[in-house]
Amino acid sequence: MKKALLYEPVAENRVRCTLCNHGCKIHEGKRGICGVRENRGGDLYSLVYGKIIAENVDPIEKKPLFHFMPGSKAFSIATVGCNFRCKFCQNYDISQYPHDHGGEIVGQDRTPEDIVASAKAAQCETIAYTYTEPTIFFEFALDTAMLARRDGIKNVFVSNGFMSPEAARLIGPYLDAINIDIKAFSEKFYKDICGARLEPVLRTIELMKEMGVWVEVTTLIIPDLNDGSQELHDIARFIKSVGVDIPWHVTQFFPTYKLMDHTRTPVDTLRRAHDIGLEEGLRYVYEGNIPGEGRENTICYACKTPLIERYGMSLIENRLQGGKCPECGAKIDGIGM
C-alpha cells in the first residue's frame, strides 16, 4: 500500500481521484471504479503498489508495437484491477479480480528495483506495463519507469487511454512508446460495453503524440458492435488527423468473458478495415490475431516493397537499412527500426 498521487480532498472526508477521467469521488473506506484505490482517513492509497500478478518476457510485437524496436524483448508486468469493465476483456481474471473476489488484492511483492533487475537479467530492452490498464498501478509504474530510464531501459504502456491529462503529463516524459485502444468510435459502445467514454481516449492519443511518445493504436473488431464501414472510416480518419505515421492494428475478436454469444471476426472484415485505413491515408495498417493469414508485414508506403516479415508476434526478417527502405530510401517511421 502506498499513498496515491493525483487526488484532491472534497467535503466530509471524501476525496476525488484525478488519475483517470472517471474522476471518482470516494467516501471514507471506499474505493474507486478501478477497485484498487481506497480512501483511508481522507487520503487516497494505492492498494496494488508492488503487488505484481503477472510478469513475463514477451516479444515487443505482442503489445502490439510493430514500429518500436522490432524483434526486441519486453519485460511485462501487471497488477490486478482496471478502470474499465470491458465485456470482451481477454484478461478479465486479472482486470476484474478485486470486483469478483470481494475486494481482495493479490500479487507477489516486488520493488521497482526488482523489476528493473529482472528486465536486465532477461536481457529485455524494454519494460512493458500491460495485461490490464497500467494507469491503475500508476505509482508503481512511474517509480519503475524512472528507475528504468536511468538504467537505459525503455518503457511502454499498453493502455485504454482513459488516464487524465495530469497523469499523461506526469508519466509521458518516461514513456518511449504507448499502444492505445480505440475500442470503437461511438460513445454508446464505450458506455454500454466498457463503462467509460470515448472522447478522453482521443485526447490522450493527441497528448501522447504531442509529448513525443511513439504511438500505435489498436481496434479489436467485434461483429455487429463496431465493425461498420463508417465507424472504421471515422477511426482511421481520426488517427490520420493526429499522425499519418501512427500504425493501426485491426485485430480479430474471439468470443470471451461476457460476449460469448458473438462470433469470431471474419477475416474479410479485417481485410475491409485494413483497406479502409489505407484509403484514409494511413501509412501502416496491420491485421492481428490471425497469424499467417493476415497482413502483418511492414510494407514501404512509398514504393510498396516488403520490409519486415512477421508471423503473428514473431519477427521473421527485417530488411530495413538504417531505418530506411533499401529500394527507394524512404524513412520508415518508428523507433529503433
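The coordinates are above.
These numbers come from a predicted model, not from an experiment.

A. Looking closely at the overall build of the chain. Helix and strand counts for the chain come out as 9 helices and 19 strands. The C-alpha atoms of the chain give a radius of gyration of 20 Å, which matches the 20 Å a tight globule of 337 residues would have. With respect to the three principal axes, the spread of C-alpha positions in the chain is 65 × 45 × 30 Å. Within the chain, contacts between residues separated by at least 24 positions form 66% of all contacts whose residues are at least 6 apart in sequence. Accessible surface computed for the chain: about 13700 Å², of which carbon and sulfur atoms make up 48%. In the chain, 40 positive and 45 negative side-chain charges are present, and the distance between their average locations comes to 3 Å.

B. Representation of the nonpolar core within the structure. Membership of the largest hydrophobic core comes to 85 residues, with the highest contact counts inside it found for Phe88, Ile171, Ile178, Ile205, Met208, Ile239 and Trp248. Looking at this core, the element that brings in the most residues is helix 4 (residues 138–150), giving 7 residues. Apart from the residues lying within four places of it in its own chain, the contact partners of Trp248 are Val217, Thr219, Leu232, Ile235, Ala236, Ile239, Ala273, Gly277, Leu282, Tyr284, Val285 and Tyr286. One finds Cys300, Ile308, Leu320 and Cys325 within the second-largest nonpolar core, a separate group that totals 11 residues.

C. Here's a closer look at the layout of surface pockets. Its boundaries defined by the atoms lining it, the largest pocket holds a volume of some 1000 Å³. Broken down by secondary-structure element, the contributors of at least two residues to the lining of the largest pocket are strand 12 (154–159), strand 13 (177–181), strand 14 (214–221), strand 15 (248–252) and strand 16 (285–288). Partitioning the lining of the largest pocket into residue classes produces 17 nonpolar, 18 polar and 9 charged. Estimated volume of the second largest pocket: approximately 240 Å³. Together, 15 residues line the second largest pocket, and His274, Leu278, Arg283, Val285 and Ile299 are the ones closest to its centre. Mapped onto the lining of the second largest pocket, the elements with two or more residues apiece are helix 9 (267–279), strand 16 and strand 17 (298–299). Class assignment of the residues belonging to the lining of the second largest pocket gives a composition of 8 nonpolar, 3 polar and 4 charged.

D. Looking closely at unusual backbone geometry. For the bond running from Lys63 to Pro64, omega is -10°, close enough to zero to count as cis. Its location among the elements puts Pro64 in the loop between strand 8 (54–59) and strand 9 (73–78). Notably, Asn13 is not glycine yet its phi reads approximately 65°, a positive angle. Residue placement: Asn13 occurs in the loop between strand 2 (7–9) and strand 3 (15–17).

E. The arrangement of the pattern of salt bridges in detail. If you walk through the whole model with that rule in mind, you get 24 salt bridges. With a shortest N-O distance of 2.7 Å, Lys120 and Asp151 are connected by a salt bridge. You can see Lys120 sitting in helix 3 (residues 112–121) and its partner Asp151 sitting in the loop between helix 4 and strand 12, a full 31 residues away along the chain. Through salt bridges with shared partners, a single ionic network connects Arg271, Asp275, Glu287 and Arg295.

Definitions and limits used
- Residues numbered from 1 in each chain as written.
- Predicted model: local features only at pLDDT ≥ 70, side-chain atom pairs only at ≥ 80, totals over all residues.
- Heavy atoms only, no water.
- Helix = DSSP H or I, 4+ residues; strand = E, 2+ residues; numbered from the N terminus.
- Rg over C-alpha atoms; globule rule 2.2 N^0.38 Å.
- Contact = heavy atoms within 4.5 Å.
- Areas by Shrake-Rupley, 256 points an atom, 1.4 Å probe, with all protein chains shown as cover.
- Lys, Arg positive; Asp, Glu negative; His and termini not counted.
- Charge placed at Lys NZ, Arg CZ, Asp CG, Glu CD.
- Core = buried A, V, L, I, M, F, W, Y, C linked by side-chain atoms within 4.5 Å.
- Buried < 20%, exposed > 50% of the residue type's maximum accessible area, 1.4 Å probe, protein only.
- 1 Å grid on protein atoms, 1.4 Å probe; cavity = no way out; pocket = protein on both sides within 12 Å on 5 of 7 lines; lining within 4 Å.
- Points joined across faces, edges and corners; volume = space filled by probe spheres on them.
- Nonpolar A, V, L, I, M, F, W, Y, C, P; charged D, E, K, R; others polar.
- Salt bridge = Lys/Arg side-chain N within 4 Å of Asp/Glu carboxyl O.

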